[in-house]
Amino acid sequence: AAQTKLRATKGAQLRLKTYVRRNLQMPASGIPFRKEDVDNQLNSEEAKGRYASPMIRYGAALVDTMILFALLLGSGAILGKIEMVPDSIRFLALLGLLFSYDPILVSTTKGTIGHHFFGLKVVGRDGNSRISLHWAALRLLLKGFLGIISFFWIFGEKRQTLHDIATRSQVIHK
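Residues numbered from 1 in each chain as written. Predicted model: local features only at pLDDT ≥ 70, side-chain atom pairs only at ≥ 80, totals over all residues. Heavy atoms only, no water.

**Q** Would you mind going over the overall build of the protein chain in detail, with residue names and values included?
**A** What the protein chain contains, in helices and strands, is nine helices and two strands. Along its sequence from the N terminus, the protein chain presents helices and strands in the succession α-α-α-α-α-α-β-α-α-α-β. Burial status across the protein chain gives 32% buried among its 174 residues. Once local pairs closer than 6 in sequence are excluded, the contacts in the protein chain between residues at least 24 apart make up 60%. About 11,000 Å² of surface is accessible on the protein chain, with carbon and sulfur atoms providing 65% of the total. (Helix = DSSP H or I, 4+ residues; strand = E, 2+ residues; numbered from the N terminus. Buried < 20%, exposed > 50% of the residue type's maximum accessible area, 1.4 Å probe, protein only. Contact = heavy atoms within 4.5 Å. Areas by Shrake-Rupley, 256 points an atom, 1.4 Å probe, with all protein chains shown as cover.)

Take a look at the structure:
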């Protein structure tokens, strides 16, 4: 009886793991970061309008990183072709692009391209309003200063990171 129960448990675990791998955004290891992330993604229709899970936020950050990399490479190549532009101006232009992408998009469209790709939006405390440019810029600076550590510390029911809490923002599903 114990072996039958063990086989049934292993079978259920295997079916769940197979379902999760096929239908959810999972790391290559197949191990979810937190149980509630899987639970919320399994009930994705219920998750609409709710707070974004860390895994979806990581995906949005990865998309934004790839877009920024492409933008910086393209801009660098274009600026490199213009001989009259001093290196210091080229550097400042690329730095400006790097530091304006996130705050401008978040403050005007409620999210970056990565956020929109994953169906997320960055909103104020009330859950609907845009955050201002200065709060979006502070949010970016805190993300840069705290680095990946910020994404590992997810707090409370609203799943806020340190930079969300400090800038009175939250990331939710559209």
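**Q** Which residues make up the packing of helix α4 (residues 54-81) against helix α5 (residues 87-109), and what are the values?
**A** Two elements in contact, α4 and α5, have axes whose closest approach is 10 Å; the angle formed by their N-to-C orientations is 160°. With respect to α5, the axis of α4 lies roughly antiparallel. α4 and α5 meet at a crossing whose hand is right-handed. Taking contact as the criterion, the partners of Asp64, Ile67, Leu68, Leu71, Leu72, Ser75, Gly76, Leu79 and Gly80 in α4 are, on α5, Arg90, Ala93, Leu94, Leu97, Leu98 and Tyr101. (Axes fitted to C-alpha atoms, helices over the stretch in contact; angles between N-to-C directions. Parallel < 35°, antiparallel > 145°, perpendicular 65-115°, else oblique. Left-handed = near helix turned anticlockwise from the far one by under 90°.)

**Q** Break down the side chain of Ser169 for me, citing the residues and quoting the values.
**A** Inspection of the secondary structure puts Ser169 in strand β2 (residues 169-173). A distance of 3.1 Å separates polar atoms of two side chains, one belonging to Ser169 and the other to Thr167. Those residues in contact with Ser169, other than ones at most four positions away along the chain, are Val122, Val123, Gly124, Ile131, Arg139, Gln160, His163 and Asp164. (Polar contact = N/O pair within 3.5 Å; in protein donor to acceptor, adjacent residues only side chain to side chain.)

**Q** How would you sum up the nonpolar core? Please name residues and give values.
**A** Formed by Ala52, Ile56, Ala60, Val106, Leu120, Val122, Ile131, Ala136 and Val171, the largest nonpolar core amounts to nine residues. Of all the secondary-structure elements, those providing two or more residues to this core are α4 and β1 (120-124). Contacts of Ala60, omitting those with residues within four sequence positions, involve Gly114, His115, Phe118 and Leu120. (Core = buried A, V, L, I, M, F, W, Y, C linked by side-chain atoms within 4.5 Å.)

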